[in-house]
Amino acid sequence: MPVPSSPPPRPGGVLSPVLTPFEADRTPSVPRFIEHCRTLLNHDVGLAVFGTNSEAASLSVAEKRGLLDVLLDAGMPPSRMMPGVGACALGDAVELARHAVAAGCSGVLMLPPFYYKGVSDEGLFRAFSEVVEAVGDARLRIYLYHIPPVAQVGISLGLIGRLLKRYPGVIAGIKDSSGDWRNTAAMLSEFRGAGFDVFAGSETSLVETMRHGGAGVISATANVNPAGIAALCREWDAPDAQARQEELNQVRAAFAGFPMIAAMKAAMSSGLDDAAWNNLRAPLVELDRIQRESLLRSLEALGFELYRGRVRESTD
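The protein goes by Dihydrodipicolinate synthase family protein in an unreviewed UniProt entry, where it is assigned to Herbaspirillum robiniae.

Printed below as a string of structure tokens:
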């Protein structure tokens with residue numbers, strides 16, 4: 001694999017934390033993974049592999065390295081990839097980040113160490129700093145991952161400012177999955193001029209994020225609705241943008257009414273007529289029959305089709 005000498009262009013637009021398909025024995029299903037990633041790229045959606053909705057916390061370092069190599073060997077462009085590298089063990093984060101940088105990925109998405117709660121900004125600064133220094137490569141671009149509803153460890157504005165001052169260019173942006181638009185707006189207002197790219201954590205705030213100078217969105221449901229989300233990201237200033245935003249929100253709400261990963265996998269299974277897409281790794285479990293039928297009825301009522309979203313002439 002050739003080693004790039006400089007970083008690829010900064011990522012933007014829509015990326016998705018790619019669902020990880022599993023075989024019956026719960027090993028990653030490589031053929032399904034390749035096919036799904038290729039479909040997302042064909043819909044103009046980049047690959048934030050090993051994110052929350054990838055079941056990344058249930059994948060080993062070796063599995064993540066192997067799956068990234070699978071995509072590269074299949075000819076997919078590393079410039080469209082932003083692998084998740086966050087880990088409680090900083091050595092694991094360093095190993096994954098080094099591998100992603102060597103492959104030429106556009107950046108890495110990094111959670112703070114999330115097991116210990118109530119940690120200080122000083123502790124988090126030391127953790128991010130340790131990874132940057134250990135990787136020791138000017139091509140490294142870290143996109144911070146702020147998801148306090150899940151990690152229970154957040155990334156404050158003060159911490160961002162300190163990291164930017166110490167590592168300009170390396171600390172490249174953030175995915176804000178706080179669910180609080182005021183927080184996203186504050187990040188955009190305070191840091192956008194410092195070369196710090198802000199990605200919304202859900203398409204429900206896509207138009208507002210783009211209106212305020214955001215870089216795009218890293219969205220779970222871009223796994224199943226890539227066409228509609230990518231189209232709105234490109235056309236966020238169109239006259240009908242708000243109406244299209246509401247349509248995306250309706251689809252998102254249908255999935256959010258159930259455990260999100262299981263719901264998306266149920267939609268994949270139904271849309272592709274492939275029962276294996278229902279497989280999750282413990283402790284997660286698939287939707288039961290009643291949940292599955294309820295989800296599929298809701299999606300049918302919205303006119304939803306897998307990968308095409310809520311079908312309308314202007315979104316595909």
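Chemist: Help me understand the UniProt feature "active site" (unreviewed entry) in the protein in this model?
Modeler: Under the UniProt annotation, the feature "active site" (unreviewed entry) is placed at Y145 and K175. Separation in sequence by 31 residues is not matched in space for these annotated residues, since their most distant C-alpha atoms are only 5.0 Å apart. Discounting residues that sit within four places of it in the chain, Y145 has contacts with T52, L109, M110, L111, P112, I155, K175 and S177. If near-sequence neighbours (up to four positions away) are discounted, K175 is found in contact with P17, L109, L144, Y145, H146, F199, A200, G201 and I218.

Chemist: Could you clarify how one ought to interpret the nonpolar core in this entry?
Modeler: Across soluble globular proteins, nonpolar side chains show a tendency to be buried alongside one another. One finds L47, L140, L144, I160, F196 and F255 to be the most contacted residues of the largest nonpolar core, which totals 96 residues. Those residues in contact with F255 that lie beyond four places of it in its chain are T221, V224, M260, A263, M264, A267, L295, L299 and F304.

Chemist: Explain helix α7 (residues 181-191) here, please?
Modeler: By the burial criterion, the buried members of α7 are T184, M187, L188 and F191. An end-on view of α7 places all buried positions within 105° of arc, on one side of the element. Across from the buried face of α7, at angles greater than 90 degrees, the exposed residues are R182 and S189. Where the residues of α7 are buried, they touch β4 (142-146), α6 (157-166), β5 (171-176), β6 (197-200) and α8 (206-211).

Chemist: Just to check I follow, could you spell out the packing of helix α1 (residues 30-42) against helix α2 (residues 61-73) for this structure?
Modeler: Geometry of a packed helix pair, given as the angle between the helix axes and the separation of the axes. The interhelical angle for the contact between α1 and α2, taken along N-to-C directions, is 55°, at an axis separation of 10 Å. With respect to α2, the axis of α1 lies oblique. Both α1 and α2 take part in a crossing whose hand is right-handed. Contacts between α1 and α2 involve V30, F33, I34 and C37 on the former and, on the latter, L67, V70 and L71. A per-class count over the contact of α1 with α2 returns seven nonpolar, no polar and no charged.

Chemist: Help me understand the UniProt feature "binding site: pyruvate" (unreviewed entry) in the protein in this model?
Modeler: In the numbering used here, UniProt assigns the feature "binding site: pyruvate" (unreviewed entry) to I218. By secondary structure assignment, the location of I218 is in strand β7 (residues 216-218). Discounting residues that sit within four places of it in the chain, I218 has contacts with L15, P17, A48, M82, K175, F199, A200, G201 and S202.

Parameters and conventions
- Along each chain, residue indices are assigned from 1 in the same order as the chain's sequence is written.
- With pLDDT at 70 or above as the cut-off, local features in this predicted model cover only qualifying residues; side-chain atom pairs require 80 or more to be listed or tallied, and sums for whole chains, interfaces and linings still use all residues.
- Calculation of side-chain values draws on the structure's entire complement of heavy atoms; hydrogens and water are dropped beforehand.
- UniProt positions are given in the numbering used here, feature names are shortened, and annotations may be inferred rather than shown by experiment.
- Throughout, a contact is declared for two residues whenever any of their heavy atoms are within 4.5 Å.
- Put simply, buried Ala, Val, Leu, Ile, Met, Phe, Trp, Tyr and Cys residues joined by side-chain atoms within 4.5 Å make one nonpolar core.
- Three labels apply to residues, based on accessible area from a 1.4 Å probe with only protein chains included: buried if under 20% of the type maximum, exposed if over 50%, partly exposed otherwise in between.
- A helix here means a DSSP run of H or I that spans at least four residues, while a strand means a run of E at least two residues long, and both kinds are numbered starting from the N terminus.
- Directions from the helix axis toward the C-beta atoms define the arc.
- Inter-axis angles, ranging from 0 to 180 degrees, are taken between N-to-C directions of lines fitted to C-alpha atoms, where helices are fitted over the stretch in contact.
- Here roughly perpendicular refers to angles of 65 to 115 degrees, roughly parallel to angles under 35, roughly antiparallel to angles over 145, and oblique to all remaining angles.
- For any pair of crossing helices, the crossing counts as left-handed if the nearer helix is rotated counterclockwise from the farther one by less than a right angle, and right-handed if it is rotated clockwise.
- For this scheme, ten residues count as nonpolar: Ala, Val, Leu, Ile, Met, Phe, Trp, Tyr, Cys and Pro. Four count as charged, namely Asp, Glu, Lys and Arg, and the remainder, Gly too, count as polar.

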